[in-house]
Amino acid sequence: MPRPRKSLISLQDTPYYHCVSRCVRRAFLCGEDHYSGKSYEHRRQWVEDRLLTLANAFAINICAYAVMSNHTHVVLHVDRDEALAWSTEEVLSRWHSLHKGTELTRQYKITEQRMLMSEAQIQAVISTANIYRQRLYDISWFMRLLNEYIARLANKEDDCTGRFWEGRFKSQSLLDEAALAACMAYVDLNPLRVGLAKTPETSDFTSIQKRITAAKKSAQPNFLLPFTNSVSSTVKGLPFKLKDYLELVDNTGRHIVANKTGSIDHSYSPILVRTGLQHIDWQSMVMGIENQFSTSISLTIAIGIGIGIGKTQKLKLA
């Protein structure tokens, strides 16, 4: 029997979650239909663009993602403290970037009209803003605004109505750093495992490709939660090193997995060598984001964690 969503998402246990959404009846989200010859590849960009929009509005950070032919994977980090620190104006600005809001909240955003509002109206706006604030760090709302948006676009393009997604999204809580790293690697390796790419850096519409592209410029992608390292004490981000994570993905991708067609060819050089990242100043890359983030989680993770994510709702690797 399915468990209620509130029992699966508990910020007291962890801020990290893996969410999966699948299309109904093996419908195409992306990819190509070999029977009709129709291509849906452009829809991958829809998903990526929407993720960027939501990441800019929500107090929810994207750790990893992969856009597959009939499903999506995202690993999310909920920053409740950030949302609670927002002013009423900040909350309304973020919510209005996604929805119209109410007549009162729109009036409140205009200084001249706010000065004419009664105390009761202002209190009503504050109450409404607090509802918006809770939604803006709620994974269910994040996934709802992702999936509903894509479903509307796809149904309009397909000239049909009805369900596009297979019920609600599925979620797993990631209870420690090992589970987080393993799940992120699992997500980033999805296209490679089904034969859509030969290496992580050539896996289109994945977070790993975005991270590698940015790293070549000694940067980290703006819309992804950045990696920190064990030296930094003022950076908010993923609790291990990007260099270590890339090596973890590369090493894991070389192992053949049962029922999966793809793996990284052992003749390929290590990922840091073949992408030209072996000479990157990793420390400077991390220090460069300190002006943007204020809290730190300083842990490193050893290379060689096995990837074995099952169907359990709570994931914790030894």
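Peer 1: It is not clear to me how the packing of helix α4 (residues 88-96) against helix α7 (residues 119-135) should be interpreted in this structure. Could you clarify?
Peer 2: A pair of packed helices can be characterised by two numbers: the angle between their axes and the separation between those axes. Between α4 and α7, whose axes approach to 9 Å, the crossing angle comes to 60°. By the criterion of interaxial angle, the relationship of α4 to α7 is oblique. Crossing of α4 against α7: the hand is left-handed. Mapping the contact onto sequence places Thr 88, Val 91, Leu 92 and Trp 95 in α4 and Val 125, Ile 126, Ala 129, Tyr 132, Arg 133 and Arg 135 in α7. The residue makeup of the contact of α4 with α7, split by class, is seven nonpolar, one polar and two charged.

Peer 1: Any chance you could explain the state of the cysteines here in plain terms?
Peer 2: A disulfide bridge is the covalent bond that connects two cysteines by way of their sulfur atoms. As enumerated under the stated definition, the model contains zero disulfides in all. The thiol of Cys 63 is unpaired, and the distance to the nearest cysteine sulfur, on Cys 183, comes to 9.4 Å. On the basis of relative accessible area, Cys 63 is assigned to the buried category, the value being 0%. You can see Cys 183 has no disulfide; the closest cysteine sulfur is in Cys 19, sitting 9.3 Å from it.

Peer 1: Just to check I follow, could you spell out the packing of aromatic side chains for this structure?
Peer 2: Any aromatic ring pair is given by two values, namely how distant the centres are and how the planes are angled relative to each other. In total, this model carries six aromatic pairs according to the counting rule given. For the ring pair Tyr 65 and Phe 223, a centre distance of 6.1 Å and an interplane angle of 45° mean the geometry is tilted. Residue Tyr 65 is found in strand β2 (residues 60-67), and its partner Phe 223 is found in the loop between α11 (207-215) and α12 (242-253); the two are separated by 158 residues along the sequence. A relative accessible area of 0% means that Tyr 65 is categorised as buried. With relative accessibility at 15%, the residue Phe 223 sits in the buried group. Relative to Trp 141, the ring of Trp 95 has its centre 5.6 Å away and its plane inclined at 70°; by these criteria the two rings are edge-to-face. With Trp 95 in helix α4 and Trp 141 in helix α8 (residues 139-158), this residue pair connects regions lying 46 residues apart in the sequence. In this structure, Trp 95 and Trp 141 share a single accessibility class: buried.

Peer 1: For this particular structure, what's the right way to read the pattern of salt bridges?
Peer 2: A side chain of one charge can pair with a side chain of the opposite charge if their charged atoms are brought near each other. Tallying each qualifying case throughout the model produces nine salt bridges. Its salt-bridge partner being Arg 254, residue Asp 250 comes within 3.1 Å of it at the nearest N-O pair. Grouping residues by exposure puts Asp 250 and Arg 254 together as buried. Each member of the salt-bridge network shares a partner with another, and the members are Glu 201, Asp 250, Arg 254 and Arg 274.

Peer 1: Could you clarify how one ought to interpret unusual backbone geometry in this entry?
Peer 2: With the exception of glycine, most residues fall at negative phi, and the peptide bonds are largely trans. In this structure, Phe 205 is a non-glycine residue whose phi angle is positive, near 60°. Note that Phe 205 resides in the loop between α10 (190-193) and α11. On the basis of relative accessible area, Phe 205 is assigned to the buried category, the value being 18%. The phi dihedral of Ser 218 is positive, around 55°, even though this residue is not glycine. Of note, Ser 218 is situated in the loop between α11 and α12.

Peer 1: Help me out: how do you make sense of helix α2 (residues 43-57) in this one?
Peer 2: Helical geometry note: an α-helix holds 3.6 residues per turn, so side chains three or four residues apart project in the same direction. Here α2 is 15 residues long and its end C-alpha atoms lie 21 Å apart, about the 21 Å a rise of 1.5 Å per residue gives. Residues of α2 that are buried: Arg 43, Arg 44, Trp 46, Val 47, Glu 48, Arg 50, Leu 51, Leu 54, Ala 55 and Ala 57. Where α2 is buried, its residues contact β2, β3 (71-78), α4, α8 and α11.

Peer 1: Sorry if this is basic, but what is going on with the side chain of Thr 206 here?
Peer 2: Examined against the element boundaries, Thr 206 turns out to sit in the loop between α10 and α11. Excluding anything up to four places from it in sequence, Thr 206 contacts Tyr 65, Ala 66, Asp 188, Pro 191 and Pro 200.

Peer 1: Would you take a moment to explain the packing of helix α9 (residues 177-188) against α12 for this structure?
Peer 2: At a minimum axis distance of 10 Å, the contact between α9 and α12 shows a crossing angle of 60°. The angle between α9 and α12 places the two elements in the oblique class. Between α9 and α12 lies a crossing of right-handed hand. Of the residues in α12, those touching α9 at Ala 181, Met 184, Ala 185 and Asp 188 are Tyr 245, Leu 248 and Val 249. Considered class by class, the residues forming the contact of α9 with α12 number six nonpolar, no polar and one charged.

Peer 1: Honestly, the environment of Met 68 in this entry has me stumped. Any pointers?
Peer 2: Mapped onto the elements, Met 68 comes out in the loop between β2 and β3. Taking C-alpha positions, Met 68 is 7.9 Å from Arg 44, a pair spaced 24 residues apart along the chain.

Peer 1: So what exactly am I meant to see when it comes to the nonpolar core here?
Peer 2: The tendency in soluble globular proteins is for nonpolar side chains to be buried as a group. Core analysis: the largest hydrophobic core is formed by 46 residues, its most contacted members being Phe 58, Ile 62, Leu 76, Ile 139, Phe 142 and Met 143. Mapped by element, the contributors of at least two residues to this core are β1 (16-22), α2, β2, β3, α4, α7 and α8.

Peer 1: Any chance you could explain the pairing of β1 here in plain terms?
Peer 2: Walk down a regular strand and you will see the side chains alternate between the two sheet faces. Burial of β1 is extensive: six of the seven residues sit out of reach of the surface. The pairing of β1 with β3 spans seven bridges and is classified as antiparallel. Bridged to Val 20 within β3 is His 73. Across four bridges, the pairing between β1 and strand β4 (residues 170-174) is antiparallel. From the neighbouring strand, Cys 19 faces β4, where its bridge partner is Ser 171.

About the cut-offs
- Residues numbered from 1 in each chain as written.
- Predicted model: local features only at pLDDT ≥ 70, side-chain atom pairs only at ≥ 80, totals over all residues.
- Heavy atoms only, no water.
- Axes fitted to C-alpha atoms, helices over the stretch in contact; angles between N-to-C directions.
- Helix = DSSP H or I, 4+ residues; strand = E, 2+ residues; numbered from the N terminus.
- Parallel < 35°, antiparallel > 145°, perpendicular 65-115°, else oblique.
- Left-handed = near helix turned anticlockwise from the far one by under 90°.
- Contact = heavy atoms within 4.5 Å.
- Nonpolar A, V, L, I, M, F, W, Y, C, P; charged D, E, K, R; others polar.
- Disulfide = S-S within 2.5 Å.
- Buried < 20%, exposed > 50% of the residue type's maximum accessible area, 1.4 Å probe, protein only.
- Phe/Tyr/Trp six-rings, centres within 6.5 Å; stacked < 30°, edge-to-face > 60°.
- Salt bridge = Lys/Arg side-chain N within 4 Å of Asp/Glu carboxyl O.
- Expected span 1.5 Å × (residues − 1).
- Core = buried A, V, L, I, M, F, W, Y, C linked by side-chain atoms within 4.5 Å.
- Pairing = 2+ DSSP bridges.

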